[in-house]
Amino acid sequence: MVGELGFEKPIIELRQKIADLKVFTKESDVDLTSEIEKLESRLGKLEKDIYSNIKPWDRVQIARHPNRPTTLDYISILFTDFFECHGDRTFGDDEAIVGGIAKYHGLPVTVIGHQRGKDTKENIRRNFGMPHPEGYRKALRLMKQADKFGRPIICFIDTKGAYPGKSAEERGQSEAIARNLFEMGGFTVPIICVVIGEGGSGGALALGVGNHILMLENSTYSVISPEGAASILWKDSSHAKQAAESMKITAPDLKELEIVDEVIPEVKGGAHKDVNEQAVKMDAVLKNSLKDLLTMNGEQLVAHRYEKFKKIGEISLLKDIIGVN
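Remember, it's a predicted structure, so these values are computed and weren't measured experimentally.

Definitions and cut-offs
- Residues numbered from 1 in each chain as written.
- Predicted model: local features only at pLDDT ≥ 70, side-chain atom pairs only at ≥ 80, totals over all residues.
- Heavy atoms only, no water.
- Core = buried A, V, L, I, M, F, W, Y, C linked by side-chain atoms within 4.5 Å.
- Buried < 20%, exposed > 50% of the residue type's maximum accessible area, 1.4 Å probe, protein only.
- Helix = DSSP H or I, 4+ residues; strand = E, 2+ residues; numbered from the N terminus.
- Contact = heavy atoms within 4.5 Å.
- Phe/Tyr/Trp six-rings, centres within 6.5 Å; stacked < 30°, edge-to-face > 60°.
- Axes fitted to C-alpha atoms, helices over the stretch in contact; angles between N-to-C directions.
- Parallel < 35°, antiparallel > 145°, perpendicular 65-115°, else oblique.
- Nonpolar A, V, L, I, M, F, W, Y, C, P; charged D, E, K, R; others polar.
- Salt bridge = Lys/Arg side-chain N within 4 Å of Asp/Glu carboxyl O.
- Lys, Arg positive; Asp, Glu negative; His and termini not counted.

### Quick look at the nonpolar core
Step number 1: With 31 residues, the main nonpolar core has Ile112, Met143, Ile153, Leu207 and Tyr221 as its most contacted residues.
Step number 2: When residues of this core are traced back to their parent elements, those giving at least two are α6 (133–149), β4 (153–159), α8 (173–184), β5 (191–200), β6 (212–216) and α12 (251–256).
Step number 3: Of the residues forming this core, the biggest block, 6 residues, is contributed by α6.
Step number 4: Tyr221 has contacts with Ile157, Val195, Gly199, Ala204, Leu205, Gly208, Ile213, Met215, Ile249 and Leu254, leaving out every residue within four places of it along the chain.
Step number 5: By size, the runner-up hydrophobic cluster in this structure holds 24 residues, among which are Tyr74, Phe79, Ile192 and Val194.

Here it is in structure tokens:
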């Protein structure tokens, strides 16, 4: 079945068997109700077992699912009166990053996020969600505007990484990312960052300096992809599954390391199964996060952000020292 993942194969096969039996029952005089009920009970247990024990590599596959909800999907559901802004006022507009002004439960906010496509045509248009420097400069322009007018900033992170091509390097890719990291640290408005898919390398970090870092349950956040890490460690990208196991790139691992503040539960099987239900789950966490940050003044928000990033790595280092796995 198109869009289904390898670890879901037993679930798919059992669902198909149930569907076939229902069709057979409808088209014949044979009553298979009890058999169908037994299989449905078995399906429920199987789904619970598989979806409650998802491995890191399986989460990577879910994060990359072609139908996984994007920034614009969440904006259309969670926000009202969204007005998209374009261009960095230096070179041009980069459609791999979208951003603008909106209202969140009646409160004016600035919302920015990586945007990939749902099909080949849109992916080409949006450069597969890999921004050029002008994308990051557009994001920074909008964040500076938000800081000036006192609007909270909400960033959605979903990129394999910044575009590594020659044109991006010629226009200052590294400087644009570094500038965002520097400037975001000093904004005096609340900044909430939500990892909704892949959070890859500096391309993700350029929208990731927030007071609160939230992460969908089946998203990933890392300095390099599992394939890239495998190519370096084992000189063979086919070891990506092994790399994913050891890199601690999943939401539960990053929450334990205190890099992520809160993990947002996903609908069974992944956010792509029901974007509206997923948006409801995200809204509950996002609303509480913003409510908490709005109690702080500008100076407190900057200090909070500084302390948050200053302590990253301390937990991991302490575990290494005392020998805890």
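### Concerning the packing of aromatic side chains
Step number 1: Tallying each qualifying case throughout the model produces 4 aromatic pairs.
Step number 2: Taking the centre distance of 6.2 Å and the plane angle of 20° together, the rings of Tyr74 and Phe156 count as stacked. With Tyr74 in helix α4 (residues 71–78) and Phe156 in strand β4, the pair connects residues that are 82 residues apart, well separated along the chain.
Step number 3: On the accessibility criterion, Tyr74 (0% relative accessible area) is buried.
Step number 4: Phe156 sits in the buried class, given a relative accessible area of 0%.
Step number 5: Relative to Phe156, the ring of Phe79 lies with its centre 6.3 Å away and its plane at 85°, an arrangement referred to as edge-to-face. Pair noted here: Phe79 is in the loop between α4 and β1 (80–84) and Phe156 is in strand β4, with a separation of 77 residues, a long-range link. Considered together, Phe79 and Phe156 belong to a single accessibility category, that of buried residues.
Step number 6: Put simply, the rings of Tyr74, Phe79, Tyr104 and Phe156 touch in pairs and so form one group of aromatic residues.

### Considering the packing of helix α10 (residues 226–233) against helix α11 (residues 240–247)
Step number 1: At a minimum axis distance of 8 Å, the contact between α10 and α11 shows a crossing angle of 100°. Classified by the angle between their axes, α10 and α11 sit roughly perpendicular to one another. Where α10 abuts α11, its residues Pro226, Glu227, Ala229 and Ala230 lie against Ala240, Ala243, Ala244 and Met247.
Step number 2: Its residues assigned to classes, the contact of α10 with α11 comprises 7 nonpolar, no polar and 1 charged.

### Some points on the packing of α4 against helix α13 (residues 275–293)
Step number 1: Look at α4 against α13: their axes get within 10 Å of each other, and the N-to-C directions meet at 70°. One finds that α4 runs roughly perpendicular with respect to α13. For the pair α4 and α13, the contacting residues are Asp73, Tyr74, Ile77 and Leu78 in the first and Val275, Asn276, Gln278, Ala279, Met282 and Asp283 in the second.
Step number 2: Split into classes, the residues belonging to the contact of α4 with α13 amount to 6 nonpolar, 2 polar and 2 charged.

### A short note on the pattern of salt bridges
Step number 1: Scanning the model with the defined rule gives 18 salt bridges in all.
Step number 2: Salt-bridge contacts for Lys22 lead to Glu40; the nearest nitrogen and oxygen are separated by 3.1 Å. Of this pair, Lys22 sits in helix α1 (residues 9–27) while Glu40 sits in helix α2 (residues 33–51), and the two are 18 residues apart along the sequence.
Step number 3: Glu122 is paired through a salt bridge with Arg126; the nearest N and O atoms lie 3.2 Å apart.
Step number 4: The structure contains a network of salt bridges with shared partners spanning Arg137, Lys144, Glu175, Arg179 and Glu183.

### Side note on the side chain of Asp94
Step number 1: Considering the arrangement of structural elements, one finds Asp94 in the loop between β1 and β2 (97–104).
Step number 2: Buried within the structure, Asp94 lacks any salt-bridge partner; Lys138 is the closest side chain of opposite charge, at an N-O distance of 6.4 Å.
Step number 3: Among all residues touching Asp94, those that are not within four sequence positions of it are Pro131, His132, Glu134, Gly135 and Lys138.

Keep in mind these numbers describe shape, not what the thing actually does.
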